[in-house]
Amino acid sequence: MYAKADNFTGRILYKDLREAYLHPQAAKALVRAQKLLKNSHPELSLKVYDAARPMHIQQIMWDVVAGTPKHIYVSNPRHGGGLHNYGMAVDVTLCNAQGDTLPMGTKIDHLGKEAHIDREELMIKSGALNPQALANRRLLRSVMRQAGFKPLRTEWWHFNFITRTEAKARYKTIK
């Protein structure tokens, strides 16, 4: 998603990158999630939008949100960045056989409360989220959790494979 300007930064961040990469352990878990999804919903697939992220790209993202209320959505590189910077996080959604994404209530990369998974019931009641989008989010979380990923509270599309503490203790960030 960062190979095009249609993202929260409004800029092309990956000029020569068209593939997503993950740490091998996280990649194996993502393959498990895809198999779990295919077993229960053969017509659907996972669609990866972002995975391993170099720290210099993290800095560009941080610079966009630093000093704004949206800073909660981007990990600060000065604090070691986030799990994307270790190849241990993935931004993913569901798509149909044609590759069209399913309704999830917001676009991926939406920096706002509508993307928070802990506000979904309130959003259903207010009409800000429809039942189909909620069902799609729950299906995505189910297969990702079964494969070993943990969802991020503020972004329905973001899943971590290990904790930040584990990553910092065991791996180096991607430069």
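Bear in mind the structure is a predicted one, so any value in this text is a computation, not a measurement.

Definitions and limits used
- Residues numbered from 1 in each chain as written.
- Predicted model: local features only at pLDDT ≥ 70, side-chain atom pairs only at ≥ 80, totals over all residues.
- Heavy atoms only, no water.
- Phe/Tyr/Trp six-rings, centres within 6.5 Å; stacked < 30°, edge-to-face > 60°.
- Buried < 20%, exposed > 50% of the residue type's maximum accessible area, 1.4 Å probe, protein only.
- Helix = DSSP H or I, 4+ residues; strand = E, 2+ residues; numbered from the N terminus.
- Polar contact = N/O pair within 3.5 Å; in protein donor to acceptor, adjacent residues only side chain to side chain.
- Salt bridge = Lys/Arg side-chain N within 4 Å of Asp/Glu carboxyl O.
- Pairing = 2+ DSSP bridges.
- Axes fitted to C-alpha atoms, helices over the stretch in contact; angles between N-to-C directions.
- Contact = heavy atoms within 4.5 Å.

A. Main features of the packing of aromatic side chains. With the rule as written, the count across this model stands at 4 aromatic pairs. Seen in terms of ring centroids, tyrosine 2 and phenylalanine 8 are 6.4 Å apart; in terms of plane orientation they differ by 90 degrees. Their pairing is edge-to-face. Judged by its relative accessible area of 2%, tyrosine 2 is buried.

B. Summary view of the environment of asparagine 7. Tracing the chain through its elements places asparagine 7 in the segment before helix H1 (24-40). There is a polar contact of 2.5 Å between the side chain of asparagine 7 and the side chain of threonine 9.

C. Broad picture of the pattern of salt bridges. Following the criterion strictly, the structure yields 7 salt bridges and no others. Notably, a salt bridge pairs arginine 53 with aspartate 50, separated by 2.6 Å at the nearest N-O pair. With a relative accessible area of 3%, aspartate 50 lands in the buried category. In this structure, the salt-bridge partner of arginine 138 is glutamate 121, at a minimum N-O distance of 2.4 Å. Taken as a pair, arginine 138 in helix H4 (residues 131-146) and glutamate 121 in helix H3 (residues 120-126) lie far apart in primary sequence, 17 residues in all. On the basis of relative accessible area, arginine 138 is assigned to the partly exposed category, the value being 42%. Taking relative accessible area as the criterion, glutamate 121 reaches 42% and is therefore assigned partly exposed. Among the ionic contacts, a cluster of salt bridges with common partners joins Asp50, Arg53 and Asp91.

D. How the structure looks around the sheet that holds strand E1 (residues 45-50). With antiparallel pairing, 4 strands are arranged side by side in an open sheet as E1-E2-E4-E3. Because the sheet does not close on itself, it has two edges, and the strands there are E1 and strand E3 (150-152). If you compare each strand with its neighbour and ignore which way they point, the axes differ by 45 degrees on average. In the sheet, strand E2 (residues 89-95) pairs with strand E4 (residues 155-160) via 3 bridges, with the strands oriented antiparallel. From the neighbouring strand, aspartate 91 faces E4, where its bridge partner is histidine 158. Packing against the sheet, H1 makes contact with E1 and E2, and its axis sits at approximately 145 degrees to E1.

E. Up close: unusual backbone geometry. Despite not being glycine, aspartate 109 has its phi angle at roughly 80 degrees, a positive value. One can find aspartate 109 in the loop between E2 and H3. Residue classification places aspartate 109 among the buried positions, given a relative accessible area of 10%.

That's the geometry; what it means functionally is another story.
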